[in-house]
Amino acid sequence: MLDRRTLLAAMAVAPIFPAAAKSDHIPLAMEARHVQMLFGCAVRADQIFADRDFQTLVLTECAEITPELELKWDYIEPIKGQYNFSGADALADLAARTQLALHGHTLLWHDAIPPWAIVALEREADWASIERYFVAILPRYQTTVSTWDVVNEPIDVMSGDKGYRTSPFYTAFGPDYVARAFVLARQYAPTAKLFINEYGLVYDTPESRDKRAALIKLIDALKGRSAPLNGIGVQAHLELDQQHHFNADSFAAFLNEIGRRGLEIRISELDVKENQTELMPDQRDERAANAVRDVLAIALSNRAVGTVTSWGLSDRYSWLPEAGGNAGYNRGLPFDTDLEEKSLYRAIRDALRHRQK
Ligand code: G3I
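Residues numbered from 1 in each chain as written. Predicted model: local features only at pLDDT ≥ 70, side-chain atom pairs only at ≥ 80, totals over all residues. Heavy atoms only, no water.

### Description of the overall build of the protein chain
So, step 1. Secondary structure assignment for the protein chain yields 14 helices and eight strands.
So, step 2. For the protein chain, whose C-alpha radius of gyration is 20 Å, the value lies close to the compact-globule estimate of 21 Å for 357 residues.
So, step 3. Over its C-alpha atoms, taken along the principal directions, the protein chain stretches across nearly 60 × 45 × 40 Å.
So, step 4. Split into buried and exposed, the 357 residues of the protein chain put 58% on the buried side.
So, step 5. Within the protein chain, counting contacts between residues at least 6 apart in sequence, those at least 24 apart form 77% of the total.
So, step 6. For the protein chain, the distance from the average site of its 39 positive side-chain charges to the average site of its 49 negative ones is 5 Å. (Helix = DSSP H or I, 4+ residues; strand = E, 2+ residues; numbered from the N terminus. Rg over C-alpha atoms; globule rule 2.2 N^0.38 Å. Buried < 20%, exposed > 50% of the residue type's maximum accessible area, 1.4 Å probe, protein only. Contact = heavy atoms within 4.5 Å. Lys, Arg positive; Asp, Glu negative; His and termini not counted. Charge placed at Lys NZ, Arg CZ, Asp CG, Glu CD.)

### Some details on the pattern of salt bridges
So, step 1. Applying the stated criterion across every chain, the model contains 22 salt bridges.
So, step 2. Between Asp51 and Arg316 there is a salt bridge, with its nearest N and O atoms 2.8 Å apart. Linking Asp51 in the loop between α3 (45-48) and α4 (52-61) with Arg316 in the loop between β8 (305-310) and α14 (343-354), this pair joins segments that are 265 residues apart in sequence.
So, step 3. For Arg293, the salt bridge identified is with Asp350, shortest N-O distance 3.2 Å. You can see Arg293 sitting in helix α13 (residues 281-299) and its partner Asp350 sitting in helix α14, a full 57 residues away along the chain. (Salt bridge = Lys/Arg side-chain N within 4 Å of Asp/Glu carboxyl O.)

### Description of the nonpolar core
So, step 1. Within the largest apolar cluster, 107 residues are counted, with the highest numbers of intra-cluster contacts made by Ile130, Phe134, Trp148, Val234, Leu238, Phe251 and Leu296.
So, step 2. No other element matches α13, which puts eight residues into this core.
So, step 3. In this view, Ile130 contacts Trp73, Leu108, Leu121, Phe169, Phe173 and Leu184; residues no more than four positions away in its chain are not counted. (Core = buried A, V, L, I, M, F, W, Y, C linked by side-chain atoms within 4.5 Å.)

### Remarks on empty space enclosed by the protein
So, step 1. One pass over the structure, following the stated rule, counts three cavities of 30 Å³ or more.
So, step 2. As a volume, the largest cavity reaches approximately 40 Å³.
So, step 3. Top element by residues in the lining of the largest cavity is strand β7 (residues 264-273). It accounts for three residues.
So, step 4. In terms of residue class, the lining of the largest cavity is made up of one nonpolar, six polar and three charged. (1 Å grid on protein atoms, 1.4 Å probe; cavity = no way out; pocket = protein on both sides within 12 Å on 5 of 7 lines; lining within 4 Å. Points joined across faces, edges and corners; volume = space filled by probe spheres on them. Nonpolar A, V, L, I, M, F, W, Y, C, P; charged D, E, K, R; others polar.)

### Considering the site of the ligand
So, step 1. If you check the shell around the ligand, you find 13 residues, and the closest are Glu68, Lys72, His105, Glu153 and Glu269.
So, step 2. In this structure, His105 approaches the ligand through a side-chain N or O atom, which is 2.6 Å from an oxygen atom.
So, step 3. Between the ligand and Glu269 there is a distance of 2.7 Å, counted from a nitrogen atom to a side-chain nitrogen or oxygen.
So, step 4. Look at the ligand: alone it shows 790 Å² of surface, and the protein chains cover 49% of it.
So, step 5. Contributing elements (two or more residues each) for the shell around the ligand: β3 (101-109) and β6 (231-239).
So, step 6. Across the shell around the ligand, the residue classes break down as four nonpolar, four polar and five charged. (Near = heavy atom within 4 Å. Polar contact = N/O pair within 3.5 Å; in protein donor to acceptor, adjacent residues only side chain to side chain. Areas by Shrake-Rupley, 256 points an atom, 1.4 Å probe, with all protein chains shown as cover.)

### Re the pairing of strand β1 (residues 38-43)
Looking along a regular strand, one sees the side chains alternate between the two faces of the sheet.
So, step 1. Most of β1 sits out of view: five of its six residues are buried.
So, step 2. Alignment of β1 against β8, held across four bridges, turns out to be parallel. Counted as the bridge partner of Phe39 is Val308 from β8.
So, step 3. Pairing of β1 with strand β2 (residues 64-67) involves four bridges; the strand directions are parallel. (Pairing = 2+ DSSP bridges.)

### Observations regarding unusual backbone geometry
So, step 1. In this structure, the amide linkage connecting His105 to the following residue, Thr106, adopts the cis form with an omega of 0°.
So, step 2. Among the secondary structure elements, Thr106 is positioned in strand β3.
So, step 3. With a phi angle near 40°, Ala125 is a residue other than glycine that sits in the positive phi range.
So, step 4. For Ala125, the position within the fold is in the loop between α7 (115-124) and α8 (127-137).
So, step 5. By relative accessible area, which is 33% here, Ala125 ends up partly exposed.
So, step 6. Unlike most non-glycine residues, Lys162 shows phi in positive territory, near 55°.
So, step 7. If you trace the backbone, Lys162 turns up in the loop between β4 (145-152) and α9 (168-173).
So, step 8. On the basis of relative accessibility, which here comes to 69%, the residue Lys162 falls in the exposed class.

### Things to note about the layout of surface pockets
So, step 1. Its volume calculated, the largest pocket comes out at about 800 Å³.
So, step 2. Lining the largest pocket are 40 residues, and of these Gln235, His237, Glu269, Trp319 and Leu320 lie nearest its centre.
So, step 3. Of all elements in the fold, only β3, α11 (206-224), β6 and β7 reach the threshold of two or more residues within the lining of the largest pocket.
So, step 4. Looking at the lining of the largest pocket element by element, the count peaks at five residues for β6.
So, step 5. Of the residues in the lining of the largest pocket, the class split is 15 nonpolar, 13 polar and 12 charged.

As structure tokens, this is what we get:
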């Protein structure tokens, strides 16, 4: 198999994969690198290792991969003390061989706690189970994972408590669990950059305004305790029927709030929920691309934003539940089911090109 260095060298001369057959196709990784950014995507081991064309697309377009499932606690330790590193090891090996950055997603997430650990957390507020998990995973990927989502989606302003999601972690340890997790992660991943990753921050609704404020408050609380927080992942699961709530000024102001606290920003989990099956594919693609254009125009004008991660790369493998197993049901990713570039690819490419060096 061609390694990434060979692929990139070859691409400097001539495009080599089907989507690149268009003479003006430039991989997003290259566009991003020109402006000192990283472009990456989420991948699943079962998909990328079974589909060589898709693997080639990922290796061509991306400078970073994020395991979509394989580093989550419920995947890694489904039974207490019995670890399953197969998927994560395979992806880490691929990343190392092809010089991709590997983003670690995610250590503490309320939606990926193995059932036995939920019981343990409820029964005895068992921090030891968390520490064992961090010890098992962080040193193992110390040389491959350069950035970690330490806490995923800790904010809930609707049914939470003082802005915090009442997750099993919060219920067991109170708000302190976030700082404790960062300190512990730093202990076992001394060189990685450590992030909080949160959703529901892009649109300008009463809920998202509260959510932004709660996140900033959490950041300040962590900084007040000198917790080793390096950045924020701003998830960008865009939705066409919410796009009218996008307000460029308020989004820019929110990103500035994060950036001026000295934190890096990842635009994480970019995709568009569209599913406008009554329209022609080109029309659907244009609408999805426009949503991405609006959001990235603001995001990439902020110097704190260093990475854009697409949540999947091709509609062949969309995570969206509406996909219902049917590839292409949702057209919210940069490449279609034939791995051909779409307007959404061009929206990301253009946003990167417009970024000031
Ligand atoms: O592989 C099993 C299969 O064997 C089983 O038959 C089937 C029955 O439900 O489940 C399959 O596993 C599913 C897995 O995706 C693979 O399809 C899990 O149930 C399902 O929960 C899992 O969903 C993932 C979800 O996180 C939970 O881990 C999505 O793929 C993934 O895209 C999604 O990603 C999250 C981010 O981590 C955090 N932000 C939101 C984002 C979207 O929800």
